[in-house]
Amino acid sequence: MTTNDHPAEIDVPLDKPTSARAYGWMLGGKDNYEVDRNSIQTVVQEFPGCVDIARQNRQFLYRAVRYLVRDAGITQFIDMGCGLPTDNNVHQVAQQFNPETRVVYVDIDPIVLAHGRALLAKDSATTVITADMREPETILEHPDTRRLIDFSEPVAVLFLSVGHHLQDSDPGEGPRHALRHIIDDLAVPGSHLAVSQVVIDDPDRGAHMSATLNGFGVPWQTRTPAEVDALLDGLHPVEPGLVDLKDWRPDPAQPPLEPVPTALHPYVGVTKTNTEVYEYGGVLRKAA
Ligand SMILES: C[S@@+](CC[C@H](N)C(=O)[O-])C[C@H]1O[C@@H](n2cnc3c(N)ncnc32)[C@H](O)[C@@H]1O
């Protein structure tokens, strides 16, 4: 783990896209480069629903965090693969419903810490750690995690639009361990996981998408919904279960996202008719 206290010194790779920057662009963010925008333009040629589903995921984040704080009484979060800050980051949503909520943000891309420090680590109740979610033990050992998370109380661990960055071929203990170690081995009953990832029902098309993203140097595995279900067995999905995220407790009145960049306007609304690719997930509870 490398908690970076000198953001001016971070190495920003410009020869390949990064997930944080490219996804941030689809949400209307400004911290991205031509290589990131070009990668998205290539992907949407073949999978035009990707702009819609990125935004549907971010809207799900709002509804899931609201549910976890307001309805499930969660007061502490670990947000794995949190991404670059945008509107309605996890602590901002959570603290609307309980100002005492604490959040540990985790991302592997040091640009998140560099650009997010002011917004994501704004007070003693929030922090940003540069770390790899595939090494949950390291995240748990971090002094900020130890300071902010009390494992004798329920915790929510978020893996939002990051499941596809966990590959079955990952070294070490693999995606199941990354997703499940904290909830299974440390968290008390009443704790929750919120999970989403890009899925395609047709495994061949999913493999093609994975090859495209891996070709850009972005670790990626598109799964089928059944493959995601298998990673989450034994936990209890709250209503409506694991679904296409746009169907998870939809709320037309929730706050809007930042505008879609002009170059991506042709892809807005594509998923009304093209449903090949979607973000799949939900909120799951650890029972007693
Ligand atoms: C598509 S973005 C999702 C951002 C945010 N969770 C959301 O739902 O809006 C994926 C994020 O996961 C991060 N990421 C990818 N692999 C990671 C890893 N092994 N450990 C931690 N973060 C990772 C990327 O840097 C990126 O910021």
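Our structure's up above, just so we're on the same page.
The structure reproduced in this document is the subject of the present report. Counting starts from 1 at the beginning of each chain's written sequence and moves along it residue by residue. Since the coordinates come from a predicted model, pLDDT governs what is reported: local features require at least 70, and pairs of side-chain atoms require 80 or more to be given and counted, while whole-chain, interface and lining totals use all residues.

**Things to note about the overall build of the protein chain**
Logical step 1: Secondary structure follows DSSP: runs of H or I at least 4 residues long count as helices, runs of E at least 2 residues long count as strands, and numbering of each begins at the N terminus. Across its full length, the protein chain carries 10 helices and 8 strands.
Logical step 2: Judged by the C-alpha coordinates and their principal axes, the protein chain covers about 50 × 45 × 40 Å.
Logical step 3: The 288 residues of the protein chain split such that 47% are buried. Counting other C-beta atoms within 10 Å of a residue's C-beta gives its exposure: the residue is buried at 20 or more, exposed at 12 or fewer, and partly exposed in between, where C-beta atoms are placed from the backbone.

**Focus: the nonpolar core**
Soluble globular proteins: nonpolar side chains tend toward being buried together.
Logical step 1: In terms of nonpolar packing, the biggest core is built from 80 residues, with Ile78, Val106, Val157 and Leu158 touching the most fellow members.
Logical step 2: The dominant element in this core, judged by the number of residues it contributes, is helix H3 (residues 50–71), at 12 residues.
Logical step 3: Residue pairs qualify as contacts under a 7 Å threshold applied to their C-beta atoms, which are placed from the backbone. Here Val106 is in contact with Ile78, Asp79, Met80, Gly81, Cys82, Ile129, Ala131, Met133 and Ile139, once residues within four sequence places are set aside. Buried Ala, Val, Leu, Ile, Met, Phe, Trp, Tyr and Cys residues form a nonpolar core when they are connected through C-beta atoms within 7 Å.

**Some points on the pairing of strand E3 (residues 126–130)**
Logical step 1: Counting buried residues along E3, 5 of its 5 residues qualify, which places the element largely inside the surrounding structure.
Logical step 2: Residue alternation in E3 divides its side chains into two sets, Thr126, Val128 and Thr130 and Thr127 and Ile129, and both sets are buried.
Logical step 3: Here, a strand pair is defined by DSSP locating no fewer than two bridges between the strands. Pairing analysis gives 5 bridges linking strand E2 (residues 102–107) to E3, with the strands arranged parallel. Within E3, the residue paired with Asp107 across the bridge is Thr130.
Logical step 4: By definition, the crossover connecting two strands over a helix is right-handed if that path, from the first strand to the second, turns clockwise as seen with the strands pointing away from the viewer. Where the polypeptide runs from E2 across helix H5 (residues 110–120) and back to E3, its parallel neighbour, the crossover connection is right-handed.

**Notes on the site of the ligand**
Logical step 1: Not every one of the 21 residues close to the ligand is listed here, only the nearest: Ala20, Gly81, Gly83, Ile108 and Leu160.
Logical step 2: Grouping the constituent residues of the shell around the ligand by class yields 10 nonpolar, 6 polar and 5 charged. By definition, a residue lies near a molecule or strand provided its backbone-derived C-beta atom is within 6 Å of it. Each residue is assigned to one class: nonpolar for Ala, Val, Leu, Ile, Met, Phe, Trp, Tyr, Cys and Pro, charged for Asp, Glu, Lys and Arg, and polar for all the others, Gly among them.

**Details of helix H8 (residues 174–186)**
Logical step 1: Here H8 contains 13 residues, and its C-alpha end-to-end distance of 18 Å stays within 8% of the 18 Å for a straight helix at 1.5 Å per residue.
Logical step 2: Bend at a residue means the angle formed by two fitted axes: the first through the 7 residues ending at that position, the second through the 7 residues beginning there. At Arg180, H8 shows its maximal kink, close to 60°.
Logical step 3: Among the structural elements, strand E1 (76–80), helix H6 (136–141), strand E4 (156–159), strand E5 (192–200) and helix H10 (225–231) are those in contact with the buried residues of H8. Residue count minus one, scaled by 1.5 Å, sets the expected span of a helix.

**Observations concerning the environment of Asp170**
Logical step 1: Position of Asp170 relative to the elements: it lies in the loop between E4 and H8.
Logical step 2: A tally of 16 C-beta atoms within 10 Å means that Asp170 is categorised as partly exposed.
Logical step 3: For the pair Asp170 and Pro219, spaced 49 residues apart in sequence, the C-alpha separation works out to 9.4 Å.
Logical step 4: If sequence neighbours within four positions are ignored, Asp170 has contacts with Arg134 and Pro175.

**Considering helix H4 (residues 90–97)**
Logical step 1: Residues of H4 that are buried include every one of Val90, His91, Val93 and Ala94, and no others. The buried residues of H4 all sit within an arc of 160° when viewed along its axis, so they share a single face.
Logical step 2: Where H4 is buried, its residues touch H3, E1, E2, E3 and E4. Within this analysis, the arc is defined by the directions that extend from the helix axis to the C-beta atoms.

**Let's talk about the pairing of E5**
Logical step 1: For E5, the tally of buried residues reaches 9 of 9 residues, placing the bulk of the element in the interior.
Logical step 2: Both E4 and E5 contribute to a ladder of 4 bridges, which runs parallel. Across the sheet, residue Ala156 finds its bridge partner in E5, namely His192.
Logical step 3: In terms of handedness, the path from E4 via H8 over to E5 forms a crossover that is right-handed.

**Section: the packing of helix H1 (residues 19–26) against helix H2 (residues 34–46)**
Logical step 1: Only the stretch in contact is used when fitting a helix axis, every axis being a line fitted to C-alpha atoms; angles between N-to-C directions are given from 0 to 180 degrees. At a closest axis distance of 9 Å, the pairing of H1 and H2 adopts a crossing angle of 65°. When the axes of H1 and H2 are compared, the pair comes out roughly perpendicular. Crossing angle aside, the handedness with which H1 passes H2 is right-handed. Every residue of H2 that contacts H1 at Arg21, Ala22, Trp25 and Met26 is listed here: Asp36, Arg37, Ser39 and Ile40.
Logical step 2: Taken together, the residues of the contact of H1 with H2 break down into 4 nonpolar, 1 polar and 3 charged. Here roughly perpendicular refers to angles of 65 to 115 degrees, roughly parallel to angles under 35, roughly antiparallel to angles over 145, and oblique to all remaining angles. By convention the crossing between two helices is left-handed if the near helix lies anticlockwise of the far one by an angle smaller than a right angle, and right-handed if it lies clockwise.

**Some thoughts on the environment of Gln41**
Logical step 1: Tracing the sequence through the fold places Gln41 in helix H2.
Logical step 2: C-alpha separation for the pair Gln41 and Asp87, spaced 46 residues apart in sequence, amounts to 23 Å.

**Some points on unusual backbone geometry**
Most peptide bonds adopt trans geometry, and most residues besides glycine take a negative phi value.
Logical step 1: Note the cis peptide between Glu239 and Pro240, where omega equals 5°.
Logical step 2: The topology assignment puts Pro240 in the loop between strand E6 (236–237) and strand E7 (243–244).
Logical step 3: Of note, the phi angle at Asn88 is positive, near 55°, even though the residue is not glycine.
Logical step 4: Overall, the presence of 20 C-beta atoms within 10 Å leaves Asn88 in the buried class.
Logical step 5: One non-glycine residue, Arg249, lies in the positive phi region at around 45°.
Logical step 6: Relative to the assigned elements, Arg249 resides in the loop between E7 and strand E8 (277–285).

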